[in-house]
Amino acid sequence: MADSLEAQSKPADDPLTPHPDTLAVIDNRRVKRGQLNYAVPDILQLQRRIRRYNAEQNIPHGDIVALALDAWLRAKGYPPDLTPHQAKTP
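Residues numbered from 1 in each chain as written. Predicted model: local features only at pLDDT ≥ 70, side-chain atom pairs only at ≥ 80, totals over all residues. Heavy atoms only, no water.

A. Geometry of the packing of helix α2 (residues 20-27) against helix α4 (residues 61-75). Where α2 meets α4, the axes come as close as 11 Å, and the angle between the chain directions of the two elements is 160°. Of the possible angle classes, the one that applies to α2 and α4 is roughly antiparallel. In terms of crossing hand, the pair formed by α2 and α4 is right-handed. Along the contact surface, α2 presents D21, T22, L23 and I26, while α4 presents D63, A66, L67, D70 and R74. Tallied by class, residues from the contact of α2 with α4 come to 4 nonpolar, 1 polar and 4 charged. (Axes fitted to C-alpha atoms, helices over the stretch in contact; angles between N-to-C directions. Helix = DSSP H or I, 4+ residues; strand = E, 2+ residues; numbered from the N terminus. Parallel < 35°, antiparallel > 145°, perpendicular 65-115°, else oblique. Left-handed = near helix turned anticlockwise from the far one by under 90°. Contact = heavy atoms within 4.5 Å. Nonpolar A, V, L, I, M, F, W, Y, C, P; charged D, E, K, R; others polar.)

The structure is reproduced here in structure tokens:
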């Protein structure tokens, strides 16, 4: 199991470098997307900073959040399970 987790998330020199699997998911516009709604401290100005980054880098707001959270969670040892889940048949 440990080998499987390590194979999913090889650390980069820079922990904020997007993982190639994450980039593939982000680039696939057919992938199902869900809404994240969390209250965050206003003083961090996250919405303003995301809008500014979007304007300068032309990356959609949701992709910015997905890339940032994925990089942080992978760095903390929580890689995603990107294997497709099979639908249960009756």
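B. View of unusual backbone geometry. At Q45, a residue that is not glycine, the phi angle is positive and equals roughly 55°. Positionally, Q45 belongs in the loop between α2 and α3 (46-57). Among the residues examined, Q45 registers a relative accessible area of 39% and is labelled partly exposed. (Buried < 20%, exposed > 50% of the residue type's maximum accessible area, 1.4 Å probe, protein only.)

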